[in-house]
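An overview of the molecular structure
Listed below, chain by chain, are the residues.
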Amino acid sequence: MLHFGIDVSRDKLDCAVVDEQGHCVKRGRTFKNDAEGVIELIRWAREIAVEQPRSFVMEATAAYHELAATRIHCAGLIVSVVNPAQVRALARGLGMLSKTDLIDALLLAHYSRLARPRQWRPAEPRLKDFSAMLMRLDCLEADLRRERNRREQAAVRGSAECVLSSIDACIEFLHGQCKAMRKTIDSHIVADDLLSASVTRLRTIPAVGEKTAMRMAAILTANSFGNGKQAAAYLGLVPVKCESGSSVRGRSRLSKAGNPRVRASLYMAAVVAKKINPDIKDLYDRLCAQGKTKMSALGACMRKLVHLCYGVLKSGHDYVRPEARSS
């Protein structure tokens, strides 16, 4: 197999290729980051590897990687989109101190050869639109909170009336935008039977509110996880240990590799769940009795919530309380 590393920027795609032994097969090339450039890149890759399988790897770079990744996938080729932090960790391990676009492309090719990352698949348009709506609502609500904080600070300082009026106008506009976006999201859910059923089913889990249910429905439906552990790892909820020999005994922490907004939503859900959800409450009490810190126990509760969300969607059944399962 030949491994193609693609360093993505706004305007161009820098590509390098290595074989299974890590030898450069061809001199790196640069293509434009547009539809024609991606077609040219695919044609170039096919000319190099006529009969050999090919694997393409690129970093997640905001929205700039999506065109190339989607076109490569639609061409029937294997493409992976990886976390930039993991690639930089490999660079430090290999002692690659210099950083240029072509060097980064070569590093990505080596990452493909050594790590064998999971194949990337584009989300369905309906789920892509739904995720974009949720992201936009998060941004609007964050802007609204900031403007309200500015209003409070301006009032305390005794700012001029024109300043207060300007902030009030922004608050009113953002409030209207949030309301309109929520209506659009609700309409999108109602129009999609599968999405509507998923959100409704997730809401049967005690402490999983509307926002958490929508976020988890978008993530779990768009990604083909093999089990709940994979979903928890994707969201950055797996514990990272820090132990070595007899002297290093660091405190475990969450990996935090996933979406921070989803983790924040799951954290608030876990705080409520440890009081009203029987599964989560038993887990939290047991871990605290074993001497775990409250934050460590809450991290485990967040993972458990992800497992429950994955379970109800995978099984196609609503959440069942422990006492009902045993009867």
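Structure's up top.
These remarks concern the structure in this document. (Residues numbered from 1 in each chain as written. Predicted model: local features only at pLDDT ≥ 70, side-chain atom pairs only at ≥ 80, totals over all residues. Heavy atoms only, no water.)

The subject of this paragraph is the packing of helix H10 (residues 260-276) against helix H11 (residues 278-289). Packed helix pairs are characterised by how far apart their axes lie and by the angle those axes make with each other. Two elements in contact, H10 and H11, have axes separated by 6 Å at closest approach and are oriented at 90 degrees. On the basis of the axis angle, H10 is roughly perpendicular to H11. Every residue of H11 that contacts H10 at Ala273, Lys274, Lys275 and Ile276 is listed here: Pro278, Ile280, Lys281 and Tyr284. (Axes fitted to C-alpha atoms, helices over the stretch in contact; angles between N-to-C directions. Helix = DSSP H or I, 4+ residues; strand = E, 2+ residues; numbered from the N terminus. Parallel < 35°, antiparallel > 145°, perpendicular 65-115°, else oblique. Contact = heavy atoms within 4.5 Å.)

Empty space among the atoms becomes apparent when a probe as large as a water molecule is rolled across them. All told, the structure shown has one cavity of 30 Å³ or more when counted by the stated rule. If you trace the largest cavity, you find it lined by Leu134, Leu137, Asp138, Lys211, Met214 and Arg215. For the lining of the largest cavity, the secondary-structure elements that each account for two or more residues are helix H5 (125-157) and helix H8 (210-222). Here the lining of the largest cavity is built from residues that sort into three nonpolar, no polar and three charged. (1 Å grid on protein atoms, 1.4 Å probe; cavity = no way out; pocket = protein on both sides within 12 Å on 5 of 7 lines; lining within 4 Å. Points joined across faces, edges and corners; volume = space filled by probe spheres on them. Nonpolar A, V, L, I, M, F, W, Y, C, P; charged D, E, K, R; others polar.)

Using the criterion set out here, one finds zero disulfides in the structure. Cysteine 24 takes part in no disulfide bond, and the closest cysteine sulfur, belonging to cysteine 15, lies 11 Å away. What makes cysteine 24 exposed here is its relative accessible area of 53%. No disulfide involves cysteine 162; its nearest neighbouring cysteine sulfur is the one of cysteine 170, lying 13 Å away. (Disulfide = S-S within 2.5 Å. Buried < 20%, exposed > 50% of the residue type's maximum accessible area, 1.4 Å probe, protein only.)

What follows deals with the pattern of salt bridges. What the rule picks out here adds up to 18 salt bridges. Ionic pairing is found between glutamate 40 and arginine 29, a salt bridge with its closest N-O pair at 3.0 Å. Here the residue glutamate 40 occupies a position in helix H1 (residues 35-48), and arginine 29 occupies one in strand E3 (residues 24-32), the gap between them amounting to 11 residues. Using a relative accessible area of 32% as the deciding quantity, one classes arginine 29 as partly exposed. Residue arginine 150 is joined to glutamate 147 by a salt bridge in which the shortest nitrogen-to-oxygen separation is 2.4 Å. Pair noted here: arginine 150 and glutamate 147 are both in helix H5, with a separation of three residues, about one helical turn. By relative accessible area, glutamate 147 is classed as buried at 11%. (Salt bridge = Lys/Arg side-chain N within 4 Å of Asp/Glu carboxyl O.)

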